[in-house]
Amino acid sequence: MARPLLPAVGAGAAVAAGTLCAGWPYLRHEPALAALNILVAGSLTTAGVLLAGSALLRRTGVLLAGAGLAWLTTWTMSWDTGVLPLLGIAGSCQFYLLFGTALLLYPDGRFIGRADRAILVLAAIVLGPLMLWSILASRPEWNGYAPDVWWPAPLADEDVFGAISDAYQVVNPLLAVGFAVLLIRRLRRVRGPERAVAPLVLLAVGVAMAGAALLAPAIEADDLSRVLGAVASQGAVLSVFPAMLVVATGRRALGVATAADRVLRLAAPATVRSVRDALRAVLHDPTVEVHFRLPGGAGYVDVDGRPAVAPVEPRGPRWTRDVRTRDGEPLAVVTGDPALGHHGAFTDAALRAGRLALENAQLQVAVRARLVETREAHLREADAQAAQRRRMARDLHDGMQRRLADLERAAAAAEDAAAADPVAARTVLRRLHEGLLAANQEVRDLGRGLSPWA
């Protein structure tokens, strides 16, 4: 950890010192505001360099480091000479564009949808072409700078410049509110362990951006000190972001350090469901599932003891982690949201602590699996017996129907032969009697077969 931290702190310290030098004409008279603005530039650079080392937050880190440099550049306007005022204006515009983009990529490095891209395009137009137009349509003294600074003014028109300045007083707050709304919307998209820290950052910065917009200086000004005072106040409000980054970093470290203890505490007493629910709570992921390996390598089962129907090998779209005993034997497979894959230290600490609980739960789930297997065997046997009884009932119905039809025909023949041939009639009646006895016996046999106690 020391190796990546030292270059990041060094870069932040260099940018902080550069910010103090860039804003020296004003900041030397305002020590409190100087400290806050130096903090903003230095901490953004430090955080950016650190985050750039993460695959998930690399783009956010690069943008934050660029924002730190842009905030340094903003303060060059305080020298009020040569091209430095224009450089400061460009730095201010670049800062808000980089800072806003970085926030919309936090914490998963992706935009949510069209609204994110739309507001960035609008911000780029406001901070790019519209700002350039305001420069070309004005003179330096109309912006609060000395008349002799270098300033391109081929389209200078005080009415046009005043209209652009008034437009900025409306557009800037609307943009800030739009960014704040999008940041708050991102809270619903945060998954995994970041749910414990990202809301702190997003909510605080959303409010800070709205506050910075309200403090934004008017383009049209006759006093540079008022412009610089507004910029310094914006920096003071935006200093909440590095403060929240420190808090978030501390909470992440605390979460890793206490993950093991929380899993053990929440899983006690260790049952199949308590272990799974403890992992869900600690990992901040309600989709976590645990598939236990049965002793003897007889396959995997879920927390209810049923055979696992989903592949449990460590691959696929979901985050999957294979948990083994201290002896290296397969114990369980834990699956969850893909976002968990970006928090290896956190998940490893939770699973290491949960291993003993998982071992205890494995014994329980093995018993539960046997009960499930026995119950399913009984159900299969009951289904087979029911099918047999239905088959015998069908045979009884069909067989008796044929036999009774034969007896009906024999009775009719006996009735016809009774008067003409008594001997033949007795023969038919004897056959009828034998048929009735056989039918009676068949009914008894089938009845015993249909009975569940037979």
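In case you missed it, the structure is sitting above this.
Worth saying up front: this structure is predicted, and the values here are computed from it rather than measured.

Trainee: Hey, could you run me through a nonpolar patch on the surface in this one?
Mentor: A cluster of nonpolar side chains, contributed by Leu5, Val9 and Leu50, occupies part of the molecular surface with about 210 Å² of accessible area. Mapped onto the secondary structure, leucine 50 falls in helix H3 (residues 31-51). Assessed through its relative accessible area of 33%, leucine 50 is described here as partly exposed.

Trainee: Explanation requested: the nonpolar core in the structure shown.
Mentor: A general feature of soluble globular proteins is that nonpolar side chains tend to end up buried together. In terms of nonpolar packing, the biggest core is built from 73 residues, with Trp75, Phe95, Phe99 and Phe241 touching the most fellow members. Broken down by element, the residue count for this core peaks at 10 residues, all from helix H5 (residues 84-104). Counting 24 residues, the second-largest nonpolar core is a separate cluster that includes Val263, Leu283, Leu331 and Ala357.

Trainee: What exactly am I supposed to notice about a negative patch on the surface here?
Mentor: A surface patch of negative charge is lined by Asp157, Glu158, Asp159, Asp166 and Glu220. With respect to the helices, strands and loops of the structure, aspartate 159 is situated in helix H8 (residues 158-186). What makes aspartate 159 exposed here is its relative accessible area of 66%.

Trainee: So what exactly am I meant to see when it comes to the side chain of serine 134 here?
Mentor: Tracing the chain through its elements places serine 134 in helix H7 (residues 129-136). Polar side-chain contacts of serine 134 include one of 2.6 Å to the backbone oxygen of methionine 131. Setting aside chain neighbours within four positions, we find serine 134 in contact with Phe161, Ile164 and Ile219.

Trainee: I'm lost on the environment of serine 78 in this one. Help?
Mentor: Within the secondary structure, serine 78 is located in the loop between helix H4 (58-74) and H5. Since its relative accessible area comes to 7%, serine 78 is described here as buried. Once the C-alpha coordinates of serine 78 and alanine 22 are considered, the two residues, 56 residues apart in sequence, prove to be 7.3 Å apart. In contact with serine 78, other than residues within four places in its own chain, are Ala22, Gly23, Trp24, Pro25, Tyr26, Leu224 and Leu228. A polar side-chain atom of serine 78 sits 2.8 Å from the main-chain carbonyl oxygen of alanine 22. Within the local environment of serine 78, its side chain forms a polar contact with the backbone oxygen of tryptophan 75, the two atoms lying 2.8 Å apart.

Scoring rules and cut-offs
Residues numbered from 1 in each chain as written. Predicted model: local features only at pLDDT ≥ 70, side-chain atom pairs only at ≥ 80, totals over all residues. Heavy atoms only, no water. Patch = residues over 30% accessible without salt bridge, like charges linked within 9 Å, V, L, I, M, F, W, Y side chains within 5 Å. Areas by Shrake-Rupley, 256 points an atom, 1.4 Å probe, with all protein chains shown as cover. Salt bridge = Lys/Arg side-chain N within 4 Å of Asp/Glu carboxyl O. Helix = DSSP H or I, 4+ residues; strand = E, 2+ residues; numbered from the N terminus. Buried < 20%, exposed > 50% of the residue type's maximum accessible area, 1.4 Å probe, protein only. Core = buried A, V, L, I, M, F, W, Y, C linked by side-chain atoms within 4.5 Å. Lys, Arg positive; Asp, Glu negative; His and termini not counted. Charge placed at Lys NZ, Arg CZ, Asp CG, Glu CD. Polar contact = N/O pair within 3.5 Å; in protein donor to acceptor, adjacent residues only side chain to side chain. Contact = heavy atoms within 4.5 Å.

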